[in-house]
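Chain by chain, the residues run as shown.
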Amino acid sequence: MASNNVISVKNVKKVYGKKSHEFVALKNVDLDIKRGESVAIIGKSGSGKSTLMHILALLDSPTRGTVTVNGVESTALKQRRINKIRNREFGFVFQQFFMNSRDTVLNNVMLPLKIAGVRKSERKRRAMQALKIVELTDKVKNKANDLSGGQKQRVCIARALVNSPSVIFADEPTGNLDSVTGKKVEDILMRLNKKGGITLIVVTHDEDLAQKCDRQIYIKDGRIVK
């Protein structure tokens, strides 16, 4: 019987530095993320929550332990295949917007499709579709630099959506936003999860956002505590 887990980590340890300068960021972590669920990873700064997200998202590899995505162990995959999974299966929304501030909103959203080799007319169609979801079709020609913080974050969500990912990773997506704008971003992410069926993994300090998720994972000193 096929597993309903989209991502699983087993006995994961992550160590940075060497010997006397060694820092253990994650200690023997086990976690299963089910397809279509929303999960909040909560913890203080330095607790290991962003490290855990980077490992779940194949942006980093564990020092020890296994990461399995859709039933395939990541250590068995070549880097090219990992890059393809990240580009096609995953979408990313970060606290820092990581946009080309001098380029247009449309070009920023189309970037993952350009990397994936999608033809230009299809890139534009899919980017416009994603911008419609985040209610920013009126800003397509604006430079990213001219947007408010909330608009920039919505552009990032649109960019995360263009490849129709099965999982969205959001690292402190409301961290730089005021409460009203933050709620708008929260609502978009939760709607994508509940109505769009996208698995949502959020790293957050925000208890309100965390409580909207199906499950809360608390991490302290590199260990899951509840």
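Source: prediction; values computed, not measured. (Residues numbered from 1 in each chain as written. Predicted model: local features only at pLDDT ≥ 70, side-chain atom pairs only at ≥ 80, totals over all residues. Heavy atoms only, no water.)

Section: the sheet that holds strand S7 (residues 167–171)
Hydrogen bonds between backbone atoms are what pair the strands of a sheet, whose relative direction is either parallel or antiparallel.
For step 1, the next point in the chain: Read across the sheet, six strands follow the order S6-S7-S8-S3-S9-S10 without closing on themselves; strand pairing throughout is mixed. Looking along the sheet, the strands with just one partner apiece sit at the ends: strand S6 (90–94) and strand S10 (223–224).
For step 2, the next point in the chain: Pairing of S6 with S7 involves five bridges; the strand directions are parallel. Looking across to S7, one finds that phenylalanine 90 is bridged to valine 167.
For step 3, the next point in the chain: In this fold helix H5 (residues 149–161) packs onto S6 and S7, with an angle of close to 170 degrees to the strand it touches most, S6. (Pairing = 2+ DSSP bridges. Helix = DSSP H or I, 4+ residues; strand = E, 2+ residues; numbered from the N terminus. Contact = heavy atoms within 4.5 Å. Axes fitted to C-alpha atoms, helices over the stretch in contact; angles between N-to-C directions.)

Describing the confidence of the model for the chain
For step 1, the next point in the chain: Taken residue by residue, the chain gives an average pLDDT of 90. The fraction at 70 or more is 99%.
For step 2, the next point in the chain: Strand S3 (residues 38–42) holds the highest mean pLDDT among the elements of the chain, 96, whereas helix H2 (residues 79–88) holds the lowest, 88. (pLDDT = per-residue confidence, 0-100.)

Regarding the packing of helix H3 (residues 105–115) against H5
For step 1, the next point in the chain: Put simply, H3 and H5 touch, their axes get as near as 7 Å, and they point 35 degrees apart. Helix-helix and strand crossings are classified by hand; for H3 and H5 the assignment is right-handed. Within the contact between the two elements, H3 uses Val105, Asn108, Val109 and Pro112 and H5 uses Val155, Ala158 and Arg159.
For step 2, the next point in the chain: Broken down by class, the residue content of the contact of H3 with H5 amounts to five nonpolar, one polar and one charged. (Left-handed = near helix turned anticlockwise from the far one by under 90°. Nonpolar A, V, L, I, M, F, W, Y, C, P; charged D, E, K, R; others polar.)

Observations concerning the sheet that holds strand S2 (residues 23–34)
For step 1, the next point in the chain: Strand order in the open sheet formed by four strands is S2-S1-S4-S5, with antiparallel pairing between adjacent strands. Edge positions in the sheet fall to S2 and strand S5 (72–73), since each has one partner strand and no second.
For step 2, the next point in the chain: As defined by bridge partners, strand S4 (residues 64–69) adjoins S5 across two bridges and the pair is classed as antiparallel. Residue pairing for S5: valine 69 is matched across the bridge by valine 72.

Here's the deal with the pairing of S7
For step 1, the next point in the chain: Within S7, five of the five residues are buried, which leaves it mostly tucked inside the rest of the structure.
For step 2, the next point in the chain: Residues Val167, Phe169 and Asp171 line one face of S7 and the alternating positions Ile168 and Ala170 line the opposite face, and both faces are buried.
For step 3, the next point in the chain: Relative to strand S8 (residues 199–204), S7 runs parallel, the two sharing five bridges. Its bridge partner being in S8, alanine 170 is matched across the sheet by valine 202. (Buried < 20%, exposed > 50% of the residue type's maximum accessible area, 1.4 Å probe, protein only.)

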